[in-house]
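Residue strings, one per chain:
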Amino acid sequence: MTAKIYGLESLVDISLDSGARLTLSDGPLQLGWRHSGMTSDFIAEIMALPYARSKKDYLQAHHDIGYLSNELIENAVKFRQPGEILIEAGMVKGSFLIRVRNAIDRATSSRFQQLLQRLQSKEPGVLLLEQIETNAISSASGSGLGLLTLLSDYDARMAWTFEENNDEQIILTTTAAVAMPPSSNL
């Protein structure tokens, strides 16, 4: 398979073998938006536990993990081709790291890679403001606001790997990390 990587390549090879692994599967109820929220809440509850000694640290960790997880899982559900979504999450060197893997079609892959190339042209905060202004005067979807918010407001470090699976599908793996407050339990 041919792979194309955008973002921080160093994130791509980080092992999450000691973390949590979840698979969202298609079924009679179909994967939907509600699965994103439930799954990200579950991940946030588990991964924020080491911060429970401090209410402030726990709430911050829970919020950051939940927001990052929800954004990545929502995008996977929204833009995926039928099939499973693999989610891996864990704590790595003072950061929460999540990896979401799903199949997308070629058109979605092309549009997303164009967005990622645009991200390399300016600072995320500048692009976020530009996109907010664009959204105010346009009804276009797929704006990338969530992604821009992660990069700008949460200082997320991210990487995307596009692997050709067959003529119709691309396997997209999104890896993201955010720094967590120091904890004596980690």
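Treat the numbers as computed from the prediction; the structure is a model and nothing was measured. (Residues numbered from 1 in each chain as written. Predicted model: local features only at pLDDT ≥ 70, side-chain atom pairs only at ≥ 80, totals over all residues. Heavy atoms only, no water.)

Please clarify how the pairing of strand 3 (residues 85-92) should be interpreted in this entry.
Within a regular strand, side chains alternate between the sheet's two faces. In the sheet, strand 2 (residues 20-24) pairs with strand 3 via five bridges, with the strands oriented antiparallel. From the neighbouring strand, arginine 21 faces strand 3, where its bridge partner is glutamate 88. (Pairing = 2+ DSSP bridges. Helix = DSSP H or I, 4+ residues; strand = E, 2+ residues; numbered from the N terminus.)

For this particular structure, what's the right way to read the side chain of threonine 174?
As for its placement among the helices and strands, threonine 174 is situated in strand 6 (residues 169-179). Once residues lying within four places of it in the same chain are set aside, the contact partners of threonine 174 are Leu72, Ile98, Arg99, Val100, Met158, Ala159 and Trp160. (Contact = heavy atoms within 4.5 Å.)

Sorry, what's going on with the nonpolar core here?
A general trend in soluble globular proteins is that nonpolar side chains are found buried together. By size, the foremost hydrophobic cluster in this structure holds 42 residues, and its most contacted members are Ile43, Phe96, Ile98, Leu147, Met158, Trp160 and Phe162. Counting residues per element, this core draws most heavily on helix 3 (residues 55-79), at eight residues. Filtering out sequence-adjacent residues up to four positions away, leucine 147 remains in contact with Glu71, Phe112, Leu115, Leu116, Leu119, Met158 and Trp160. Leu11, Leu97, Ala159 and Ala177 belong to the second-largest nonpolar core, a separate cluster that totals five residues. (Core = buried A, V, L, I, M, F, W, Y, C linked by side-chain atoms within 4.5 Å. Buried < 20%, exposed > 50% of the residue type's maximum accessible area, 1.4 Å probe, protein only.)

Please explain helix 4 (residues 106-119) as it appears in this structure.
Helix length check: helix 4, at 14 residues, gives a terminal C-alpha distance of 20 Å against a target of 20 Å (1.5 Å per residue), a fit within 8%. Listing the buried residues of helix 4 in full gives Thr108, Ser109, Phe112, Gln113, Leu115, Leu116 and Leu119. Projected onto a plane normal to the axis of helix 4, the buried residues spread over an arc of 160 degrees and lie on a single side. Between a side-chain oxygen at the N-terminus of helix 4 and the backbone nitrogen of alanine 107 the separation is 3.2 Å; the capping residue is aspartate 105. (Expected span 1.5 Å × (residues − 1). Arc of directions from axis to C-beta. Polar contact = N/O pair within 3.5 Å; in protein donor to acceptor, adjacent residues only side chain to side chain.)

When you look at the pairing of strand 4 (residues 95-105) in this model, what are you seeing that I'm missing?
With nine of 11 residues buried, strand 4 is to be regarded as a mostly interior element. Taking the residues between adjacent antiparallel strands as the criterion, strand 3 and strand 4 are bridged by two residues, where lysine 93 takes a positive phi near 50 degrees. With 11 bridges joining them, strand 4 and strand 6 adopt antiparallel strand pairing. By the bridge assignment, leucine 97 is partnered in strand 6 with alanine 177.

Help me understand the sheet that holds strand 6 in this model?
Backbone-to-backbone hydrogen bonds pair the strands of a sheet. The strands run either parallel or antiparallel. An order of 1-5-6-4-3-2 is seen for the six strands of this open sheet, with the pairing classed as antiparallel. Whereas interior strands pair on both sides, the edge strands pair on one side only; in this sheet they are strand 1 (3-7) and strand 2. The sheet shows a mean angle of 15 degrees between the axes of neighbouring strands, taken without regard to direction. Helix 3 contacts strand 2, strand 3, strand 4, strand 5 (157-164) and strand 6 of the sheet and is inclined by roughly 5 degrees relative to strand 4. (Axes fitted to C-alpha atoms, helices over the stretch in contact; angles between N-to-C directions.)

Everything listed is a geometric property; what it means functionally is a separate question.
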